[in-house]
Amino acid sequence: MIENHKGMLQRVFLTICFAVPHIAFSAESCPAIKCDCDYLPTTAWVEVCSTYETHIKKECVANFNTPKDYCLMHGLNASPIALAMQIGHDGKATKSSSSASEVISTYSRIVDSAFTVIDQSLSEGEYAKAMDGFKLVEESTRKQFTMQQSLIWDDSGEIKSLWKMYSPVEEKAADKLSDISKRLSKDLTSATTSRSEKVFHVLLVKSLRIQGLLYEHAAYAENWLDRTGNAAKLWKSSADTSLQLLELAKGKNGDSADKRFNEIQAAARLQQASIFWMKNKDVKAVNATLKQAGDLLGTSSKLDISPIIAENEKATKKTERKVNTTLECMSGKKPHLCR
């Protein structure tokens, strides 16, 4: 009897020993996924984000702790995401020996020289050199974005000054690339050989990808300056480039994975736009943008944004009722509503 009891205790002890590591593993499962849901503006947003984060973490665990999907709804410090730029987590702050104006001036000169190379190369048919120009714009922008997150100045106003100067420079560069993309689109349409068609297609895809990246960077700048309306518009401009890339991929009968990524990236950028329109209290724009993002993701996606849209529509109707009540009171049609 004693032996049986002792054996049972041993089995219980062993079960607990094996269970503890399992509990620890579950608590730390798939650390590569962090959707930063608490950043989002309302309870409905947070719940939708958290539900999807739980879903993709389960898939990640089943895939040996390797993510299989992006955070399709997320906050500022999320990972993995389908955006072209991602806030860094590992960079160490370093003191800058340059002023904000010096930093932005250096960047502007590099980008301007790259655009000169692109313009001249396209005019002369030197398409390899044009591609080098595109790559220079992309590399400079990425380096600038990383540097902006790591540099510190004695005066915190210098950091804000940097973002304030940077945003219009980056938006102007994105608009310049938009003009180049339109030019390449015309060249692609009028191409007479399969070789020239392929060249213009590759250049156009590169131009649009960098264009979207530049709009993203400008949107981040407007966010840090608390200009939410401008940030939303820039995120929408960035999403539009993904939609153009999607149409290009469809037209060329390209890789289905490439098409799907463009859909996911466009949806991610649209959702970022909706977040900032929400902060700017433009609920109609929020719902329109979220619905467009949902259509891109399709019914196969496990992300259900309907609770957010329902919450927004309820808030809109409440506001409309309040406005109507006030108008009816002021017009004298229903004076009892003024009480």
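For the structure itself, consult the block above.
Note that the structure is a prediction, hence the values are computed from the model and not measured. (Residues numbered from 1 in each chain as written. Predicted model: local features only at pLDDT ≥ 70, side-chain atom pairs only at ≥ 80, totals over all residues. Heavy atoms only, no water.)

1. Let's talk about the state of the cysteines
Next, step 1: With the rule as written, the count across this model stands at three disulfides.
Next, step 2: Two residues share a disulfide in this structure: Cys-35 and Cys-71, whose sulfurs sit 2.1 Å from each other. Its S-S torsion of about -85° marks the bond between Cys-35 and Cys-71 as left-handed, since a negative value means left-handed. In this pair, Cys-35 sits in the loop between α1 (2-27) and α2 (43-62) while Cys-71 sits in the loop between α2 and β1 (94-95), placing the two residues 36 residues apart along the sequence.
Next, step 3: Note on cysteine connectivity: Cys-37 is disulfide-linked to Cys-49, with sulfurs 2.0 Å apart. On the S-S bond that ties Cys-37 to Cys-49, the torsion sits near -70°, and the link is left-handed. Taken together, the positions of Cys-37 in the loop between α1 and α2 and Cys-49 in helix α2 put the pair 12 residues apart, joining distant regions of the chain. Of the two residues examined, Cys-37 and Cys-49, each falls in the buried class. (Disulfide = S-S within 2.5 Å. Helix = DSSP H or I, 4+ residues; strand = E, 2+ residues; numbered from the N terminus. Buried < 20%, exposed > 50% of the residue type's maximum accessible area, 1.4 Å probe, protein only.)

2. Observations regarding the packing of helix α6 (residues 194-224) against helix α8 (residues 256-279)
Next, step 1: Remark: α6 packs on α8, axes separated minimally by 12 Å, with the N-to-C direction vectors making an angle of 20°. The angle between α6 and α8 places the two elements in the roughly parallel class. The way α6 lies across α8 gives a crossing that is left-handed. Counting all contacts with α6, which are made through Arg-209, Gly-212, Leu-213, Glu-216 and Asn-223, the residues of α8 involved are Asp-258, Phe-261, Asn-262, Gln-265, Arg-269 and Phe-276.
Next, step 2: Partitioning the contact of α6 with α8 into residue classes produces three nonpolar, four polar and four charged. (Axes fitted to C-alpha atoms, helices over the stretch in contact; angles between N-to-C directions. Parallel < 35°, antiparallel > 145°, perpendicular 65-115°, else oblique. Left-handed = near helix turned anticlockwise from the far one by under 90°. Contact = heavy atoms within 4.5 Å. Nonpolar A, V, L, I, M, F, W, Y, C, P; charged D, E, K, R; others polar.)

3. A closer look at the layout of surface pockets
Next, step 1: Quantified by volume, the largest pocket comes out at close to 160 Å³.
Next, step 2: Forming the walls of the largest pocket are Val-103, Thr-106, Tyr-107, Ile-110, Leu-136, Glu-139, Ser-140, Lys-143, Gln-144 and Met-147.
Next, step 3: Those elements giving two or more residues to the lining of the largest pocket turn out to be α3 (100-124) and α4 (127-150).
Next, step 4: Counting residues per element, the lining of the largest pocket draws most heavily on α4, at six residues.
Next, step 5: Across the lining of the largest pocket, the residue classes break down as five nonpolar, three polar and two charged. (1 Å grid on protein atoms, 1.4 Å probe; cavity = no way out; pocket = protein on both sides within 12 Å on 5 of 7 lines; lining within 4 Å. Points joined across faces, edges and corners; volume = space filled by probe spheres on them.)

4. Concerning the nonpolar core
Next, step 1: The biggest cluster of nonpolar side chains holds 85 residues, and the ones touching the most others in it are Trp-45, Met-73 and Leu-214.
Next, step 2: The biggest single contributor to this core is α6, with 13 residues.
Next, step 3: With residues up to four places along the chain from it excluded, the contact list for Met-73 reads Cys-35, Leu-40, Trp-45, Val-48, Cys-49, Gln-271, Leu-290, Leu-303, Ile-305 and Ile-308.
Next, step 4: In this structure, Ala-100, Val-103, Leu-151 and Trp-153 belong to the second largest nonpolar core, which totals five residues. (Core = buried A, V, L, I, M, F, W, Y, C linked by side-chain atoms within 4.5 Å.)

5. A few points about the environment of Met-85
Next, step 1: With respect to the secondary-structure elements, Met-85 resides in the loop between α2 and β1.
Next, step 2: Counting along the chain gives 57 residues from Met-85 to Arg-142, while the straight-line C-alpha distance between them is 7.8 Å.
Next, step 3: For Met-85, the contacting residues outside a window of four places in its chain are Thr-141, Arg-142, Phe-145, Leu-213, Glu-216, His-217 and Tyr-220.

6. Observations concerning the side chain of Ser-242
Next, step 1: Here Ser-242 lies in helix α7 (residues 228-251).
Next, step 2: At 3.0 Å, the side chain of Ser-242 and the side chain of Gln-265 are in polar contact.
Next, step 3: In contact with Ser-242, other than residues within four places in its own chain, are Asn-262, Gln-265, Ala-266 and Arg-269. (Polar contact = N/O pair within 3.5 Å; in protein donor to acceptor, adjacent residues only side chain to side chain.)

7. Considering the pattern of salt bridges
Side chains carrying opposite charge are able to pair once their charged atoms draw close together.
Next, step 1: Tallying each qualifying case throughout the model produces 11 salt bridges.
Next, step 2: For Lys-176, the salt bridge identified is with Asp-119, shortest N-O distance 3.0 Å. With Lys-176 in helix α5 (residues 156-189) and Asp-119 in helix α3, this residue pair connects regions lying 57 residues apart in the sequence.
Next, step 3: Given the relative accessible area of 30%, Lys-176 is considered partly exposed.
Next, step 4: One network of salt bridges, with partners in common, ties together Asp-119, Lys-176 and Arg-183. (Salt bridge = Lys/Arg side-chain N within 4 Å of Asp/Glu carboxyl O.)

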